[in-house]
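Here's the letter readout for the chains.
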Amino acid sequence: MQFGLTITPHIERWELIRYAEELGYDRAWVPDSQMIWSDCYATLALAAVNTQRIHIGTGVSIAGTRIAPVTAHSIGTINQLAPGRTFLGLGTGHTAMRVMGQDPMPVSEFREYLRVVRELLAGNAVDYTYRGKTREIALMHRDRYFVNLDNPIPIYVAGNGPKACAAAGAYGDGWTTIGRDPVALNTALGHISDGAAAVDRTLAADFHTTLFSCTSVLRPGEDLTSERVINQVGSWVTTELHFFYEIWNKLGRADELIPPHFLNMWDEYLDRVNNFSLPENARFRQIHEGHAVYLMPEEKRFVTPEAISAICIVGSAEDIIDQIREIEKTGIREINIMPADDYARDAVREFAEAVIPAFR
């Protein structure tokens, strides 16, 4: 098992990546959401020149806000600064698109995006269609190393639905997801294998699978209602709450779309959304306030022990180690944590000291 962290992209707080390197983490992921954070590639550049070992990349870069050639050249630029330890996480844009009131990129378009990026990063010329005009393109001046394509850049595809998972199998070197349910994970991995087979591709033995979550190592006397624990994991719990609300609202408001750990609070959360101050067509800005950064005080009541247990990896050090060993059996190769921004440094240190050594 490998271990990564996702940082809140703030251009002046990239140093958490260097600290994670010192603590023994394998990867640092920098997410991409233009309305709420600093630019992910600028943050990665600073981290690249100030680290030596840790692998760094986007977690994840958004297809809908950056055309494919720009994404390829951006991550190729980072690879010139951190050769051989750069990766590209790619997604359709749940938050980055929804915080503009837009939908994520359709999977059919995303597949084409992945195809183009993959060929460009392989150093190949590829047919690319932009505004209805198709031309063959390639990254130029490679001998001058404006970008580095000599060291391979793996592509890790974010997705949960069957079509997105199939796209990961067709074009990815890895897959990222949320949710710990073994049945759901096994089903998704099946879709990934089917996606690879559909394009006559054999997945590499080291196809990388990453579970995004959050963690808090309990101290003696603490439980899931402890203030410190809620401070560390609360923003992640509500981020998933916002995600599933968006899915529920988009796909017909069916009860079966509500995760069981949110079911008892759902009506109360709907009351909160319906009482936002902004009109319905601008409400997306308030839904995602604090996204994966801090816990809104008004939403603290939704961070219940049931939700924490279902979403996060929390417990004593021994209990967390046992949970991770069970997750490992599902085929997950990396645990990635994203504690609340204001409490991240302590959380990543406690996890590194108490848990990671058990897997080395």
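Coordinates for the structure precede this section.
Residues numbered from 1 in each chain as written. Predicted model: local features only at pLDDT ≥ 70, side-chain atom pairs only at ≥ 80, totals over all residues. Heavy atoms only, no water.

S.K.: For this particular structure, what's the right way to read the side chain of His 288?
M.R.: Examined against the element boundaries, His 288 turns out to sit in the loop between helix H11 (284-287) and helix H12 (305-311). Assessed through its relative accessible area of 3%, His 288 is described here as buried. Reaching out from His 288, the side chain makes a polar contact with the side chain of Glu 246 at a distance of 2.7 Å. Apart from residues no more than four positions distant in its own chain, His 288 is found in contact with His 94, Thr 95, Arg 98, Val 99, His 242 and Glu 246. (Helix = DSSP H or I, 4+ residues; strand = E, 2+ residues; numbered from the N terminus. Buried < 20%, exposed > 50% of the residue type's maximum accessible area, 1.4 Å probe, protein only. Polar contact = N/O pair within 3.5 Å; in protein donor to acceptor, adjacent residues only side chain to side chain. Contact = heavy atoms within 4.5 Å.)

S.K.: What exactly am I supposed to notice about the pattern of salt bridges here?
M.R.: Taken as a whole, this structure holds 21 salt bridges when the rule is applied. When the shortest N-O distance is used, the salt bridge between Arg 272 and Glu 299 registers 2.9 Å. Residue Arg 272 is found in helix H10 (residues 266-274), and its partner Glu 299 is found in the loop between H11 and H12; the two are separated by 27 residues along the sequence. Accessibility assignment for this pair places Arg 272 and Glu 299 in one class, buried. (Salt bridge = Lys/Arg side-chain N within 4 Å of Asp/Glu carboxyl O.)

S.K.: So what exactly am I meant to see when it comes to a nonpolar patch on the surface here?
M.R.: A cluster of nonpolar side chains, namely Met 35, Ile 36 and Met 100, defines an oily patch on the protein surface of about 250 Å² accessible area. Mapped onto the fold, Met 35 is located in the loop between strand S2 (27-30) and helix H2 (40-48). (Patch = residues over 30% accessible without salt bridge, like charges linked within 9 Å, V, L, I, M, F, W, Y side chains within 5 Å. Areas by Shrake-Rupley, 256 points an atom, 1.4 Å probe, with all protein chains shown as cover.)

S.K.: What's the story with the environment of Gly 123 in this structure? I'm lost.
M.R.: Relative to the helices and strands, Gly 123 is located in the loop between helix H5 (107-121) and strand S6 (126-130). Residues Gly 123 and Arg 18, 105 residues apart in the sequence, show an inter-C-alpha distance of 30 Å. Those residues in contact with Gly 123 that sit more than four places away from it in its chain are Arg 142 and Leu 149.

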